[in-house]
Amino acid sequence: PDQNSSEHFVKLCKKYNMHFISIDMDPECSNNVKNVCIKYNFTDYEIYTMKGEDFLKSYTNKIDFIYLDAFDFWHDHHTKKRYESYKKYMNCTITNELCHKMHLECCEHLIKNNLLNKNSIICLDDILDINANRGKGVLSVPYLLKNDMKCLIWKGNGMIFMPSNM
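What counts, and at which threshold
- Residues numbered from 1 in each chain as written.
- Predicted model: local features only at pLDDT ≥ 70, side-chain atom pairs only at ≥ 80, totals over all residues.
- Heavy atoms only, no water.
- 1 Å grid on protein atoms, 1.4 Å probe; cavity = no way out; pocket = protein on both sides within 12 Å on 5 of 7 lines; lining within 4 Å.
- Points joined across faces, edges and corners; volume = space filled by probe spheres on them.
- Helix = DSSP H or I, 4+ residues; strand = E, 2+ residues; numbered from the N terminus.
- Pairing = 2+ DSSP bridges.
- Axes fitted to C-alpha atoms, helices over the stretch in contact; angles between N-to-C directions.
- Buried < 20%, exposed > 50% of the residue type's maximum accessible area, 1.4 Å probe, protein only.
- Patch = residues over 30% accessible without salt bridge, like charges linked within 9 Å, V, L, I, M, F, W, Y side chains within 5 Å.
- Areas by Shrake-Rupley, 256 points an atom, 1.4 Å probe, with all protein chains shown as cover.
- Salt bridge = Lys/Arg side-chain N within 4 Å of Asp/Glu carboxyl O.
- Contact = heavy atoms within 4.5 Å.

Caption draft 1: Inspection of the layout of surface pockets at higher detail. Within this model, the second largest pocket holds a volume of roughly 180 Å³. Together, 13 residues line the second largest pocket, and I111, L116, N147, M149 and P163 are the ones closest to its centre. Taken together, the elements giving at least two residues each to the lining of the second largest pocket come down to α5 (96-112) and β4 (116-124). It is β4 that contributes the most residues to the lining of the second largest pocket, three residues altogether.

Caption draft 2: Local environment of the sheet that holds strand β6 (residues 158-163). Strand order in the open sheet made by the four strands is β3-β4-β6-β5, with mixed pairing throughout. Two strands bound the open sheet, and with one partner strand each, they are β3 (63-68) and β5 (149-155). With strand direction ignored, the average angle separating the axes of adjacent strands in the sheet is 15 degrees. Across six bridges, the pairing between β5 and β6 is antiparallel.

Caption draft 3: Broad picture of the environment of K15. Tracing the backbone shows K15 in helix α1 (residues 5-15). Given a relative accessible area of 64%, K15 falls into the exposed group. Sequence separation between K15 and F42 is 27 residues; the distance between their C-alpha atoms is 9.7 Å.

Caption draft 4: View of a nonpolar patch on the surface. Side chains of L12, Y16 and M18 sit close together on the surface and give an oily, nonpolar patch of about 280 Å² of accessible area. For M18, a relative accessible area of 33% translates into the label partly exposed.

Caption draft 5: Representation of the environment of I122 in the model. Positionally, I122 belongs in strand β4. For I122, a relative accessible area of 0% translates into the label buried. Sequence spacing of I122 and K146 is 24 residues, and the spatial spacing of their C-alpha atoms is 15 Å. With residues near it in sequence (within four places) discarded, I122 still touches I66, L68, L110, L116, L144, M149, M159, I160 and F161.

Caption draft 6: Layout of the side chain of H109. Along the chain, H109 falls in helix α5. Exposure remark for H109: the relative accessible area of 15% places this residue in the buried category. Leaving out residues up to four positions away in the same chain, H109 has contacts with L56, K57, Y59 and L115.

Caption draft 7: Fine view of the pattern of salt bridges. Tallying each qualifying case throughout the model produces eleven salt bridges. Measuring nitrogen to oxygen at the nearest pair gives 2.7 Å for the salt bridge that ties K136 to D69. Of the two residues, K136 is situated in the loop between β4 and α6 (140-146) and D69 in the loop between β3 and α4 (80-90); the sequence distance between them amounts to 67 residues. Assessed through its relative accessible area of 1%, K136 is described here as buried. A network of salt bridges, in which partner residues are shared, links D54, K57, K101 and E105.

Have a look at this one:
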């Protein structure tokens, strides 16, 4: 609820000696993550200011855990600053169509390029109902289910997937 997932992930990665990669299209958000890493004296991180789907296109390592919380779906509660950020850094506005496309693109890339291992976890944020008919997962959730991923849980608008073969 406090909109600061990166801080939780930084603390988790530090506790379990894991490498952390953050990707955000907004330089202010990237800088905020860097400051969180500094705050917790955490040094095993990479921060990129770019679109997540562009990052994944060039990434070839296996991914143990990925949290997809990029590209907002449309609702009338976004701040003016948020809308301006999309226009400035992505040359677009917030739409459900672009949101759904981006999340599908990331999930397709994970599957088609074999970036997951048998214990990988995919967490999708802002899945507003159990059937993923609203929010960010409208296209990505059905794609994952059709590609041997199983939903372990839907809770608090987040949905967790793992490969079915585990």
